[in-house]
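Examination of the molecular architecture
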Amino acid sequence: MSLHSTAAQLVTLAAEGEEHGGNHESLSPLLTGGSAFVILLLLLWITTRFNRDR
């Protein structure tokens, strides 16, 4: 497999991705980001509860 054929395949793959946009209709960026933030805060709270001796 040569560099030229690999690059051509990647260009074809990238062009196919433009048609779909990469986002699903049911995924809300605000909901996804908010959920990740809440989960990270929960993990931070749990971690600080286990490190009371410091």
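1. Focus: the overall build of the protein chain
Within the protein chain one finds two helices and zero strands. Residue burial in the protein chain is summarised as follows: out of 54 residues, 0% are buried. Summed over its atoms, the accessible surface of the protein chain is roughly 5,400 Å², and 68% of this surface lies on carbon and sulfur atoms.

2. Some points on the UniProt feature "transmembrane region" (unreviewed entry) in the protein chain
According to UniProt, the "transmembrane region" (unreviewed entry) feature falls on residues 27-46. Structurally, residues 27-46 comprises 90% helix and 0% strand, and the distance from its first C-alpha atom to its last is 28 Å.

3. Some details on a nonpolar patch on the surface
Residues I39, L40, L42, L43, W45, I46 and F50 make up a contiguous nonpolar surface patch of roughly 780 Å² in combined accessible area. Mapped onto the fold, F50 is located in helix α2 (residues 29-50).

Criteria and thresholds
- Here the residue numbers are simple positions, counted from 1 along each chain's written sequence.
- Given that this is a predicted model, residues contribute local features only at a pLDDT of at least 70 and side-chain atom pairs are listed and counted only at 80 or more, while totals for whole chains, interfaces and linings are drawn from all residues.
- As a rule here, side-chain values come from all non-hydrogen atoms in the structure, and water together with hydrogens is ignored.
- Per the convention used, a helix needs a DSSP run of H or I reaching at least four residues, while a strand needs a run of E reaching at least two, with both numbered from the N terminus.
- Each residue gets one of three labels from its accessible area relative to the maximum for its type: buried under 20%, exposed over 50%, partly exposed in between, using a 1.4 Å probe on protein chains only.
- For the area figures, the Shrake-Rupley method with a 1.4 Å probe applies, and any residue is considered shielded solely by the protein chains shown.
- UniProt positions are given in the numbering used here, feature names are shortened, and annotations may be inferred rather than shown by experiment.
- For patches, a residue must show more than 30% relative accessible area and have no salt bridge; joins then use 9 Å for like charges and 5 Å for nonpolar side chains, namely Val, Leu, Ile, Met, Phe, Trp and Tyr.
- By definition here, a salt bridge exists when the distance from a side-chain nitrogen of Lys or Arg to a carboxyl oxygen of Asp or Glu is within 4 Å.

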